[in-house]
Amino acid sequence: MKELGLFGVTIPEDYGGMGLDLTTYAMIVEELSRGWISISGVVNTHFIGSYLLIKFGTDEQKEYFLPKMATGEIRAAFSLSEPEVGSDVQGIKSTAKRADDGHWELNGQKMWVTNGLLSAVVFVLMKSDPKADPPYTGMTCFITEKEPGATENSGDFAGLTIPPKIKKMGYKGVESTELVYDGYRCPPERILGGEEAGLGQGFRQMMDALEVGRVNVAARGVGIAQRALELALRYSQERKTFGRPIAQHQAIQFKLADMGTKVEAARLLTIKAARLKDAGERSDLEAGMAKLFASETGKEVVDDAFRIHGGYGYSKEYEIERLYRDAPLLVIGEGTSEIQRMVIGKKLLERNKI
Ligand SMILES: Cc1cc2nc3c(=O)[nH]c(=O)nc-3n(C[C@H](O)[C@H](O)[C@H](O)COP(=O)(O)OP(=O)(O)OC[C@H]3O[C@@H](n4cnc5c(N)ncnc54)[C@H](O)[C@@H]3O)c2cc1C
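Residues numbered from 1 in each chain as written. Predicted model: local features only at pLDDT ≥ 70, side-chain atom pairs only at ≥ 80, totals over all residues.

Draft legend 1. Region of the structure containing the domain arrangement of the chain. Once the domains are mapped, the chain shows domain 1 (75-200) and domain 2 (205-351). With centres defined by C-alpha atoms, the gap from domain 1 to domain 2 works out at 31 Å. Counting from both sides, the interface comprises 8 residues of domain 1 and, opposite them, 8 residues of domain 2. Tallied by class, the residues present in the side of domain 1 that touches domain 2 amount to 6 nonpolar, 2 polar and no charged. (Domains from an automatic or database assignment. Contact = placed C-beta atoms within 7 Å. Nonpolar A, V, L, I, M, F, W, Y, C, P; charged D, E, K, R; others polar.)

Put into structure tokens, the structure is as follows:
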């Protein structure tokens, strides 16, 4: 993946990346997820980190991080969630407090961090002003560096511990971890966008990044659904019951028809959202729709392909068994389906006020 330049697809060429657009990135993510969704997971939060730097970073932050991120020399993680908070991001409890020497002291526990162990940099949301009202105006994104692979950081990065990887039902090719910040000292120049421009902007910055993150998860949904469709098309022509391939039974053919139609519709919604974003137009509604439909499609099409495999789908010898464990993540990460519906409903009403 490093040799192919996949860590720098959307990073500008000036910083050593490929400088490609979101639409091309979405097509790459679809193809990676068709092979193995975990592989796409390795680059996905890394991509969100680079988006944050490109859009909000200071020149110094871009020059320091982007060239190393473009080559994959360092990997990035993106951290909002906490043990008690996922959907309701404004409810985070982790704090950042300014010390006498101007550094910020970070404390708190983060949860479900993709690339949590192997990353060298984590874009982490902290409460920098606990009294802010509304709460999101008192949140800041800190760019925290760490030693890749170290469970206990020391020296400049002391105060950041990574507990053992979370054991998961699927998505096993990329690690998910907690992060424990306990007196971690972050210099003020590592506030995303710089202290003056970035303090109190973290929530807005990270919600902006989630919009492209949603296109990214939608593309994953298309990729896994495409693979499940391919497996079902093959198996249904090989497996015979009642004297003919099961693909010749109308009930199976109708299932295949619905699966193929949903995959195509999910792909079109995803590409539309990506193209709008690339054109600099509003894409919040479209990204929410693409994420909702494509992630649910991923799960449903995998489920149908699993059923078509009969008993063999339950065996680890068949690829569909892995897809069946990987797909449910899609309807959770980057905002659950319920949260997408909240976003879509709100945006629809905003755009159609009477
Ligand atoms: C494998 C994996 C990797 C992840 N990677 C990352 C990562 O890299 N960085 C990161 O920050 N997070 C990550 N997450 C966390 C993920 O973003 C959250 O799990 C997700 O946002 C849901 O939050 P929650 O788990 O706290 O569920 P909750 O917010 O507790 O929600 C529980 C249920 O209630 C529903 N619900 C919540 N609020 C409402 C409402 N207002 N109306 C209706 N229904 C509602 C939800 O849809 C859900 O069904 C990851 C999660 C997993 C499983």
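Draft legend 2. The arrangement of the environment of Y136 in detail. Along the chain, the position of Y136 falls in the loop between strand 4 (121-127) and strand 5 (139-145). Judged by local crowding, Y136 falls into the partly exposed class, with 19 C-beta atoms found within 10 Å. C-alpha separation for the pair Y136 and F203, spaced 67 residues apart in sequence, amounts to 5.7 Å. (Helix = DSSP H or I, 4+ residues; strand = E, 2+ residues; numbered from the N terminus. Buried ≥ 20, exposed ≤ 12 C-beta atoms within 10 Å, placed from the backbone.)

Draft legend 3. Seen up close, the environment of L330. Positionally, L330 belongs in the loop between helix 8 (319-326) and helix 9 (337-351). A C-alpha to C-alpha distance of 8.7 Å links L330 and A294, two positions 36 residues apart in sequence. Contact partners of L330, with chain neighbours within four places excluded, come to V217, R220, G221, S295, G298 and K299.

Draft legend 4. Seen up close, the nonpolar core. Grouped together as the largest cluster of nonpolar side chains are 100 residues, with contacts concentrated most on F142, V215, A228, V302 and A305. If you tally residues by element for this core, the top one is helix 5 (residues 202-238), at 17 residues. Here this core spans two domains, and each of domain 1 (75-200) and domain 2 (205-351) adds at least three residues to it. Apart from the residues lying within four places of it in its own chain, the contact partners of V302 are I224, A225, A228, L323, Y324 and A327. (Core = buried A, V, L, I, M, F, W, Y, C linked by C-beta atoms within 7 Å.)

Draft legend 5. Up close: the site of the ligand. Around the ligand sit 20 residues, and of these G86, S87, T114, T336 and E338 come closest. Broken down by secondary-structure element, the contributors of at least two residues to the shell around the ligand are strand 1 (76-79), strand 3 (104-114) and helix 9. Considered class by class, the residues forming the shell around the ligand number 8 nonpolar, 10 polar and 2 charged. The two domains that each donate at least three residues to the shell around the ligand are domain 1 (75-200) and domain 2 (205-351). (Near = placed C-beta within 6 Å.)

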